Amino acid sequence: MTSDRHGPKVDRSARSTEDAGQCPRRKGAEQDSLLDEGYTAAPEAESTVSTKLAELAARARKEDRLTNVVQFVDEELLRLAFRSVRKQAAPGVDGQSYEDYAANLDQNLRDVYARLKIGRYRAPVIRRVYVPKANGKRRPIGISTIEDRMVQKAVAWVLGAVFEQNFLECSHGFRPKRSPHTALHRLREGMRQHGVRYVVEADLASYFDSVNWEWLRKFVQHRISDGGLLRLLNKWLNAGVMENGVVTQMTDGVPQGGPASPVLSNIYLHYVLDLWFERRFRKTCRGYAELTRFADDFVAAFGNREDAERFRQELDERLTAFGLRVVPEKTALLHFDGGLLQGGIGRPAEKSRTFTFLGFTHYLTKTRRGAITIGRTPSIKARERFVRKVTTWVKANRHQPVRAQQAHLTKMLNGYYQYFGLYFCIETLSGVLRRVRRVWHQALQRRSQKAKRHTDWATVAVKPWFQLPRPRLTQGWV
């Protein structure tokens, strides 16, 4: 399969997976690589801290197991970790805000470092809240205290520096110089170059709540032999969860939303899934086989049907051994063969299937030249979620000045285009823009009876303040 590179010319911000960082730079943001609380790369803003973690990474490349790792969690790293915590972050069970902690930062840092150094740091209870999901269910989120988030972030950087030397190429979530776009790029290029015919898409059921503590400890100990760090990990696991004023002790899982959760989850799936696939399963395949994973979201591509069927079967056995399972209705083996579009005598016996990965629906299509290629478009779920978000905002803010509304909606759309601006996506994104304009227009008409008379579509559509950015190609390299 070949790609169709016809489309609007753009100044591509990244031309390869090396050029594409974890998140796009923003003007005036000197700490961009640290602002994402799930980001576990070694911080580059402070030369002293960066040098120390680089030394740790160098040790990790040479030594099978490392000792004295917790010593890298010093006051300098804690200060940088605090600056990476979002200022608008919700308080934990102690009710302390970011501003409250920052008011006496130097003393607070000395105090928490002293407690960490002598092993008297106590992990606070996690406050559990729920956020709605697109399917009507609710996702549990764990909210820790500001101080604990800072400590978790510092430890996450240290763990990342060690385990980054072991993580495989198939893993893209919460790692330096990797992003959802690098995962999408690797998946598409591999499928195009090797003539993939079958895809297994999988969805893990309640992954963050299902991580087995015993296995997680073993996986961390496989690379780190540091009693201080392991005791700190145990304190977080045993901290308990508060919901409606009632504290519950958990026996499995890591709190989704904690800064240390992404790297711990990556470590778990590195041993459970990545190593098993790369070192054991793929060696027994007859044809091409490739795994692409972003956090707990993954797909496997195959050139041979028997390999795909065997993977689907052995995957259940492998995950069950480590306390995990897939959602049956969201896990399937799909026939993704470009030959089905070639036609021939009569119509093809079956249609090529589609699958969804990282918010994009992947499908096979013909280019204008007749070549078969892989197209991607924002999934229905991703589009509906964005439109709902816009609808909620315009309803709540329809009485703001229209220029202020325009500025906010422009920011929302530009962020949406930044992620979904791939080839074959412009038409779908144009449909999203039309829906956003329609939702905004309806909200403006509900401001008052007078507004309804003076905001008919013909009048509003040509107003300068009603103009919103059009879709554009932002990730041409993906």
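This one's a predicted model, so the numbers in the text were calculated from it and none came from an experiment.

Chemist: Would you take a moment to explain the packing of aromatic side chains for this structure?
Modeler: Overall, the coordinates contain 28 aromatic pairs when judged by the stated rule. Plain terms: the ring middles of phenylalanine 219 and tyrosine 271 are 4.8 Å apart, the flat faces sit at 15° to each other, and that makes the pair stacked. Of this pair, phenylalanine 219 sits in helix H9 (residues 213-221) while tyrosine 271 is found in helix H11 (residues 261-281), placing the two residues 52 residues apart along the sequence. Take phenylalanine 219 and tyrosine 271: they sit in the same class, and that class is buried. A centroid spacing of 6.3 Å and a plane angle of 80° characterise the contact between phenylalanine 281 and phenylalanine 302, whose relative ring orientation is edge-to-face. With phenylalanine 281 in helix H11 and phenylalanine 302 in strand E7 (residues 297-302), the pair connects residues that are 21 residues apart, well separated along the chain. Taken individually, phenylalanine 281 and phenylalanine 302 each receive the classification buried, so the pair is uniform in this respect. Through pairs of rings, three or more aromatic residues link up here, namely Trp215, Phe219, Tyr268, Tyr271 and Phe322. Over the aromatic face of tyrosine 130 sits the side chain of arginine 138, whose NZ or CZ is 4.2 Å from the ring centroid. Positioned over the ring face of tryptophan 215 is lysine 218, at 4.6 Å from the centre of the ring.

Chemist: Teacher, can you tell me more about empty space enclosed by the protein here?
Modeler: In this approach, a probe sized like a water molecule rolls over the atoms, and the result shows the empty space that is left. Enumeration over the complete set of coordinates arrives at 4 cavities of 30 Å³ or more. By volume, the largest cavity amounts to about 180 Å³. Lining the largest cavity are 19 residues, and of these Arg128, Val241, Met250, Val254 and Pro255 lie nearest its centre. Looking at the lining of the largest cavity element by element, the count peaks at 3 residues for strand E2 (residues 138-143). Across the lining of the largest cavity, the residue classes break down as 12 nonpolar, 4 polar and 3 charged. The calculated volume of the second largest cavity comes to roughly 100 Å³.

Chemist: How should the packing of H9 against H11 be read in this particular structure?
Modeler: In a pair of packed helices, the angle between the axes and the distance between the axes together describe the arrangement. Close contact between H9 and H11 brings their axes to 10 Å; oriented N to C, the two are set at 85°. On the basis of their axis angle, the class for H9 and H11 is roughly perpendicular. Contacts between H9 and H11 involve Trp215, Leu216 and Phe219 from the former and Leu264, Ile267, Tyr268, Tyr271 and Val272 from the latter. Across the contact of H9 with H11, the residue classes break down as 8 nonpolar, no polar and no charged.

Chemist: Help me understand the pairing of E7, please; the structure alone is not making it clear to me.
Modeler: Remark: a regular strand shows side chains that alternate across the two faces of the sheet. In terms of burial, E7 is largely enclosed, as 5 of its 6 residues are buried. Where strand E3 (residues 198-203) and E7 come together, 6 bridges link them in antiparallel fashion. What sits directly across from tyrosine 198, in E7, is phenylalanine 302. For strand E6 (residues 289-294) and E7, the ladder comprises 6 bridges, and the chain directions are antiparallel. Bridge pairing in E7 links glutamate 290 to alanine 301.

Chemist: Got a minute to help me understand helix H13 (residues 380-397) in this structure?
Modeler: Here H13 contains 18 residues, and its C-alpha end-to-end distance of 26 Å stays within 8% of the 26 Å for a straight helix at 1.5 Å per residue. Within the span of H13, buried status applies to Ala382, Phe386, Val387, Val390, Trp393, Val394 and Asn397. Seen end-on, H13 carries its buried residues on one side only, within an arc spanning 125°. Turned more than 90 degrees from where H13 packs its buried face, Ile380, Thr392, Lys395 and Ala396 sit exposed. Next to the buried residues of H13 lie helix H14 (402-420) and helix H15 (426-445).

Chemist: What am I meant to see in the sheet that holds strand E9 (residues 355-357) here?
Modeler: Sheet strands pair by backbone hydrogen bonding; their relative direction is either parallel or antiparallel. The 3 strands lie next to each other as E9-E10-E11, forming an open sheet whose pairing is antiparallel. Of all the strands in the sheet, the pair left with one neighbour each is E9 and strand E11 (372-378). Between one strand and the next, the sheet's axes are offset by a mean angle of 40°, whatever the strand orientation. Alignment of E9 against strand E10 (residues 360-366), held across 3 bridges, turns out to be antiparallel. The residue bridging threonine 356 from the neighbouring strand is threonine 361, located in E10. Across the face of the sheet, helix H7 (residues 180-194) comes into contact with E9, E10 and E11 while running at roughly 155° to E11.

Chemist: Would you take a moment to explain helix H12 (residues 305-320) for this structure?
Modeler: Note that an α-helix has 3.6 residues per turn; residues three or four places apart therefore point the same way. End to end, H12 covers 23 Å across 16 residues, agreeing with the expected 22 Å (1.5 Å per residue, within 8%). Those residues of H12 that sit buried are Asp307, Ala308, Phe311, Arg312, Leu315, Arg318 and Leu319. The inward-facing, buried residues of H12 contact E3, H11, E7 and strand E8 (332-335). The opening residue of H12 is asparagine 304, an N-cap whose side-chain oxygen sits 2.8 Å from the backbone nitrogen of glutamate 306.

Chemist: Just checking my understanding: could you explain unusual backbone geometry for this structure?
Modeler: The general pattern is negative phi for most residues beyond glycine and trans for most peptide bonds. Of note in this structure, phenylalanine 174 is not a glycine but carries a positive phi near 55°. For phenylalanine 174, the position within the fold is in the loop between helix H6 (146-163) and H7. Residue lysine 177 is not a glycine yet carries a positive backbone phi of 60°.

What counts and how
Residues numbered from 1 in each chain as written. Predicted model: local features only at pLDDT ≥ 70, side-chain atom pairs only at ≥ 80, totals over all residues. Heavy atoms only, no water. Phe/Tyr/Trp six-rings, centres within 6.5 Å; stacked < 30°, edge-to-face > 60°. Helix = DSSP H or I, 4+ residues; strand = E, 2+ residues; numbered from the N terminus. Buried < 20%, exposed > 50% of the residue type's maximum accessible area, 1.4 Å probe, protein only. Lys NZ or Arg CZ within 6 Å of the ring centre and 35° of its normal. 1 Å grid on protein atoms, 1.4 Å probe; cavity = no way out; pocket = protein on both sides within 12 Å on 5 of 7 lines; lining within 4 Å. Points joined across faces, edges and corners; volume = space filled by probe spheres on them. Nonpolar A, V, L, I, M, F, W, Y, C, P; charged D, E, K, R; others polar. Axes fitted to C-alpha atoms, helices over the stretch in contact; angles between N-to-C directions. Parallel < 35°, antiparallel > 145°, perpendicular 65-115°, else oblique. Contact = heavy atoms within 4.5 Å. Pairing = 2+ DSSP bridges. Expected span 1.5 Å × (residues − 1). Arc of directions from axis to C-beta. Polar contact = N/O pair within 3.5 Å; in protein donor to acceptor, adjacent residues only side chain to side chain.

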